[in-house]
Amino acid sequence: IVKQNKKKPEFQLPEIPVMLNAPQLRANYLSEHYWDHFDFADTAYIHLPDITEQAVVNFMDLMNHVPQDVAELSISILYGKAASHSPMLWHFWETMSRYWHDPNSPMKDEEKFILMCKTVEALPHVEAVLKQRAEYARSIAEKNRIGTKATDFVYTLESGKQGNLHGLKAEYTLVFFYNPDCHTCAEIKQAMKHSLRLKDMVAKGQMKVLTVYPDEDVALWRERLPEMEKEWVNAYDKNQLITHDLLYDLSSIPSFYLLDKDKKVLLKDADWRQVLHFFEK
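Here we summarise the structure given alongside this text. (Residues numbered from 1 in each chain as written. Predicted model: local features only at pLDDT ≥ 70, side-chain atom pairs only at ≥ 80, totals over all residues. Heavy atoms only, no water.)

1. Focus on the pattern of salt bridges
Move 1: What the rule picks out here adds up to 16 salt bridges.
Move 2: Taking the shortest distance from any N to any O, the salt bridge between Glu-53 and Arg-98 comes out at 2.7 Å. Taken together, the residues Glu-53 in helix H2 (residues 52–62) and Arg-98 in helix H4 (residues 86–101) connect sequence positions 45 residues apart.
Move 3: Judged by its relative accessible area of 18%, Glu-53 falls in the buried class.
Move 4: One salt-bridge network, in which partners are shared between bridges, spans Glu-111, Lys-118, Glu-121, Arg-138, Glu-142 and Arg-145. (Salt bridge = Lys/Arg side-chain N within 4 Å of Asp/Glu carboxyl O. Helix = DSSP H or I, 4+ residues; strand = E, 2+ residues; numbered from the N terminus. Buried < 20%, exposed > 50% of the residue type's maximum accessible area, 1.4 Å probe, protein only.)

Encoded structure:
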């Protein structure tokens, strides 16, 4: 996809046949042939983000405009071409992981990331370390996917009394994983306290808010407990099983999980803005 000229290299898109005049057919063709002219053997392009990384970002965006089977095929074609050139393969893996999997990425898309992981795992003659990395990343990403029932866990209250996630009864359950020393967590706690919508839903019994401290400094958790609303279920993970057994992907803190009355996941690893947007809709 890089075409040499006197000025600078450029990204060359495939030429779409004129007989494909329907927008969806054109998008499908572009998706499947996107990398036709790219020289995967030339690792110099790894160091030209204005060309290569921009091409990757545009390709990833294109995946949002084609059917699932076309996206799966297109990603498979990309990695099939890159597989023979290890440095380029790693570059695509790391770049696309950063955009599709990083908690702070505006392009985060867990389903596409899982699809990419499966594609890499299926590649023949690829370094074992990359396959293992893809397998591990997929296993974590597949936990508590949207539409599945959230993994149950036991929590402990300040009194020592214990409960479990699935035992909370409400139309919605908002699980807030946080750290008392986290500056961003403190800001979000204040936003939650000032949310009239959240207050109203909690007061009416429509919403249970379960705040969970997953780490080991219980003394710190107790010290900062007065900062939490008494109407919330404020708890910690006594045996740290959430972290040790990887029950939830807590690679980023703070993190919200919004569940329905059957404890099916509506929002996963969301931020506060996404929670608010869900109820605004």
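2. A word on helix H5 (residues 110–122)
Move 1: Along its 13 residues, H5 runs 18 Å from first to last C-alpha, staying within 8% of the 18 Å computed at 1.5 Å per residue.
Move 2: Those residues of H5 hidden inside the fold are in contact with helix H3 (68–82), H4, helix H6 (128–141) and strand S9 (265–270).
Move 3: With a side-chain oxygen positioned 3.3 Å from the backbone nitrogen of Glu-111, the residue opening H5 is Asp-109. (Expected span 1.5 Å × (residues − 1). Contact = heavy atoms within 4.5 Å. Polar contact = N/O pair within 3.5 Å; in protein donor to acceptor, adjacent residues only side chain to side chain.)

3. Here's the deal with a negative patch on the surface
Move 1: Residues Asp-215, Glu-216, Asp-217 and Glu-223 make up a contiguous surface patch of negative charge.
Move 2: Residue class for Asp-215 comes out partly exposed when judged on its relative accessible area of 31%. (Patch = residues over 30% accessible without salt bridge, like charges linked within 9 Å, V, L, I, M, F, W, Y side chains within 5 Å. Areas by Shrake-Rupley, 256 points an atom, 1.4 Å probe, with all protein chains shown as cover. Lys, Arg positive; Asp, Glu negative; His and termini not counted. Charge placed at Lys NZ, Arg CZ, Asp CG, Glu CD.)

4. Describing the packing of H2 against H4
Pairs of packed helices are described in terms of their axes, by the angle between the two and the distance that separates them.
Move 1: Following both chains from N to C, one finds H2 and H4 inclined at 55°, their axes separated by 11 Å at the closest point. By the angle between their axes, H2 is oblique relative to H4. Considering the relative orientation of H2 and H4, their crossing is right-handed. Taken together, the residues of H4 that come into contact with H2 (itself represented by Thr-52, Glu-53, Val-56, Val-57, Phe-59 and Met-60) are His-91, Phe-92, Thr-95, Met-96, Arg-98, Tyr-99 and Trp-100.
Move 2: Each residue belonging to the contact of H2 with H4 can be placed in one class, and the counts come to 8 nonpolar, 3 polar and 2 charged. (Axes fitted to C-alpha atoms, helices over the stretch in contact; angles between N-to-C directions. Parallel < 35°, antiparallel > 145°, perpendicular 65-115°, else oblique. Left-handed = near helix turned anticlockwise from the far one by under 90°. Nonpolar A, V, L, I, M, F, W, Y, C, P; charged D, E, K, R; others polar.)

5. Regarding the pairing of strand S5 (residues 172–177)
Move 1: Most of S5 is tucked away, with 6 of its 6 residues classed as buried.
Move 2: Relative to strand S6 (residues 207–213), S5 is paired through 6 bridges, and the arrangement is parallel. Bridge pairing links Tyr-172 to Met-207 in S6.
Move 3: Relative to strand S8 (residues 255–260), S5 is paired through 6 bridges, and the arrangement is antiparallel. (Pairing = 2+ DSSP bridges.)

What is shown is where atoms sit, not what they do.
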